Amino acid sequence: FLLTVLTTMARQSVAAAGAAALAAPAFLLPSVEAPSRALSHEATVQQPIVNTAGSLRHTNCVAVAVGLGAAAATARRTKKAPRASLVVRQAEGRLLRPRDRTDGHGWVKEDPDFNAADESAVSATHTIELKKRPSGIKRYTHGMDGKGAMVMDMNEKARYPGDPIGQAAVAGVKKGYVVKSVNGTDVRNWDFEDIMDLLEDFIPDPDVQSTAAFKGGAQRVRKHQQVPFPVTIEYVEMKPMEKSAAAPAAPPGAWMPRLSGWSDEDLMKERQRAMAMPEPAPGYNGPRYTKAADIDDAWLERLKQFQQTGGLIPKKDAYLLVLDVIAQLKSEQTMNRVQVGPGQKLTVFGDLHGQYFDFMNILSMAGMPSPNTPFLFNGDFVDRGSWSIEVILLIFAMKMKNPNAVFMNRGNHEMLEANMIYGFAGETGAKYDLDLFNLFSESFRNLPLLHLINNEVLVVHAGIPGPRPRVWLPGQTHDPEDAVPVNARATTLAEIASVDRYTELTPNSYKEAVDSAPRTEEKWETDSRMIIDFLWSDPRGGAGYGPSYRKSRGVFMFGPDVTAQFCRENNISLVIRSHEVKAEGWLKDHDTLMSVFSAPNYLDTGGNKGAFLTLTPGPNGKLQASPTSYTAVPHPDLPPMYHQNYIVNNHPHLTRQMRKKQVAQADDFGDSDFAGYQGPDEWEEVDAGATLNAMSS
C-alpha cells in the first residue's frame, strides 16, 4: 500500500500549484498474442437504450503498509488465482461475488480477513438473544475461504425505546463480531450463504437494488430454512491484528514528489533536459516520438504491437510526448464542447485502470479514433492494473495524432493522492524514472473535467454537483428517508464551465468540503467542492443527497430527483458517468443517468464485464447511446499493483506505519470502485493525526 503524498495547492495561488512524480528502468512484459480485431463472441452489442429526446428504455439489454488503500492486499489475495476466472473468489467450487445477495449481505474487497474457526484468534464470546426480524444488522461478510459470518454494518443504537431495528445493538452486538452458533448449532465452518439462509435477517434497502454491482445472484440450492425467532446466537470477538513496523525516516536527499507547480519556463527547461537525454540503445526496434507529426495510423499500430511484446518507447520520447500533451491540454477548457454530426459516432470509455490487454481487446471492437469516430476517455486510465504506463502512453499518442478526435476527462485516479497509493507512481518509477511522474501529474492537473456533447449529453467521471449549502450532518445515515433535499436550483453549466480545474485534492480537501452551518463560499471553495463531486460522487436509489460510502465526509451520493432536476434545468437529456464497477459494464442508474465501466474482471477479482458506449445522432438528430459489453481477456501473470514494490524497496521513506482495520465505516482514502456499499480500506495509519498532511505543510 503506497503512501499518498499529499499536496496542499491553495486555490488562490493556482499558478504555483503542483504535484508529484515517479519513474524507472523498463520492466518488459511477457509476450502475448495480439487479440483479433474481429468482434469476439463474448462481446454483446446492444441496441440503443437511450434516446435523449425522451425517456430511457431497455431494448436488449506484503501486506506491507506503504500508504492507504486495498491494493496490496488485493494482490496478495489474487496472485495465485486463475487469470481466466471471472468471479471474485472461488471456494470449493462455489462462486462468491461481492454483494451477490439481494438482501445486502456479502463480501466487498476491503473486508477484513478472518478465520471463524480459529480459536486462538478469539478474545471473548457473547451470547445474544434476538427476538424478531429484522434485528438491525445491515451486512454480514464472510471469511477468505467463503465460510463464517462477521457483522460489518449495523444500526449502532436504537432510535427509540423498543425500536426493532435497534435490538441487535441494545442486545450487545457490535461490528466485527463473528457468528459462532445459532440455537446451539456451531456454524463457524458453514458456508456463508448457508448461515445467511438460516438467519434470514436483513433490512430492505433500495440502494442495494439500485447500486449493487452484481444483481443476478449465484444459482445455488438452499440447504437450510430460516430459523424461527426468537433465536439465540453466540458471537465471538476477534483479537485485533498486530501493528506494522514504523516507516523509516527520509534520508538526506531522498526523492520526494514535486510539490510546486510548473511554469512555462519550468516546462521549457524540462523539454531541454529531455532533448539532451541519450538515444535508445542499439537494436531498439520500436517507434520513435519527437513531435506530433511523427504519429500516423501505422505508427500507432507499431506502438501497440511493440507494447504487447514488452516494449517501452525510449525515456526521451516518453518525456517529449507527455510535455506535448501538457501543452495541448492547457489549450482546452474545464468543460469541453463536442459536436457529433450525422454519419459520425462518439465512443465513450469508462475506467480502464491500467488493464492494457483488455484495452487492446476494446480497440479490436471499437476501432481507432478519427475525426468521424472520436473517442472520449472518461477518467481513471491508470492505477490498479500493472500496465498503466502502456495505457496512458497509447492514449496520449492517440491524442497527439488527433487532438480534436480524442478527448479525456480527469478521474479520481488522475490525482497525486491516488497515484501514490494505487500503483501508477510505482509503475512509472519501475519503467522509467521518478521525474517523469512529475510530468504525468502536471498533465493530469490540466485535464478537462467534463465534456458536453451536442449540448445535450454531459460526460463526467463520477457525478454532478452536490448540495448547496454544503453542511456536514454528523450521524446522517444511509436510510433513504435521512436525506438532504434537492437544491433550490441546480448548478448551471455556465457555473461548471467557470471552475478552475488546476488543483490537487488532499485529505483536508474533503474535510473542508462541508461546513458546520450554511455560509457564503469563496469561489475557490466552490470550485474545489465541485471538483470533488465530479471526481468522487455516486448515484443512489433514494431521493436527495446522502453520505458516501467512499469517504468519511465531504463526498455525497445523489438520488434520481437530483439528477432529474439537474438535467431539466440545464436542458440536457442524459448524464454519462463512470467510477463504479457494473455487472454488465454499464447500468441505467437513473432515468437520465448511465454508468459505463470499461475494466472487465476488475482487479482480477471483480467478475464484471466491461463496456463502452457509442453515441450516434438518431433520425430526429437526438443522440442515442448504445452499450457494448465484453468479458476479460488473459494477460501476463502479474498481479494488480505489482510495480508498487518499486516504492517499497527503493523509497521506504514514503511508507507509513499502518495497522489492519477490524471494522470501520469509511476512511479518508477510501477508494472502492465496486458499486453500492463502499467498505473501508483494509489498512489505517497508526498515527494519522501527526502525518496525514505532513507532506503538504
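Residues numbered from 1 in each chain as written. Predicted model: local features only at pLDDT ≥ 70, side-chain atom pairs only at ≥ 80, totals over all residues. Heavy atoms only, no water.

**Quick look at the overall build of the chain**
Short version of the rule: For helices the rule is a DSSP run of H or I covering at least 4 residues; for strands it is a run of E covering at least 2, with both sets numbered from the N terminus onward. We call a residue buried when its accessible area falls under 20% of the maximum for its residue type, exposed when it is over 50%, and partly exposed in between, using a 1.4 Å probe and counting protein chains only. For accessible areas, the Shrake-Rupley method is used with a probe of radius 1.4 Å. Any residue's cover is judged against the shown protein chains and nothing else.
Assigned secondary structure in the chain consists of 18 helices and 26 strands. A total of 697 residues make up the chain; the buried ones form 62% of that total. Within the structure as shown, the chain displays about 25100 Å² of accessible surface, and the carbon and sulfur contribution to it stands at 53%.

**A closer look at the packing of aromatic side chains**
Stated precisely, the cut-off is as follows: Between 30 and 60 degrees the pair is tilted, below 30 it is stacked and above 60 it is edge-to-face, where a pair is any two Phe, Tyr or Trp rings, Trp via its six-membered ring, whose centres lie within 6.5 Å.
For the structure shown, the criterion picks out 18 aromatic pairs. Measuring from centroid to centroid gives 5.3 Å for F357 and W387, while their planes differ by 85 degrees, and the two rings are edge-to-face. Here the residue F357 occupies a position in helix α8 (residues 356-366), and W387 occupies one in the loop between β13 (375-377) and α9 (388-401), the gap between them amounting to 30 residues. Pair check on accessibility: F357 and W387 agree, each one buried. Relative to F444, the ring of F424 has its centre 5.9 Å away and its plane inclined at 40 degrees; by these criteria the two rings are tilted.

**Observations regarding the side chain of D589**
In plain terms, the rule: Two N or O atoms count as a polar contact when they lie within 3.5 Å, although within protein this holds only if one can serve as hydrogen donor and the other as acceptor, and sequence-adjacent residues are included solely when both atoms are side-chain atoms.
For D589, the position within the fold is in strand β21 (residues 586-590). A distance of 3.0 Å separates polar atoms of two side chains, one belonging to D589 and the other to K582.

**What about the pattern of salt bridges?**
Two side chains with opposite charge may pair up if their charged atoms get near one another. This is how it is decided: Salt bridges are defined as contacts in which a side-chain nitrogen from Lys or Arg sits within 4 Å of a carboxyl oxygen from Asp or Glu.
Tallying each qualifying case throughout the model produces 41 salt bridges. Its salt-bridge partner being D163, residue R159 comes within 3.0 Å of it at the nearest N-O pair. A salt bridge links K291 to D294; the shortest N-O distance between them is 3.2 Å. K291 sits in the partly exposed class, given a relative accessible area of 45%. When salt bridges that share partners are traced, they join D538, R550, R577, E580, K582 and D589 into one network.

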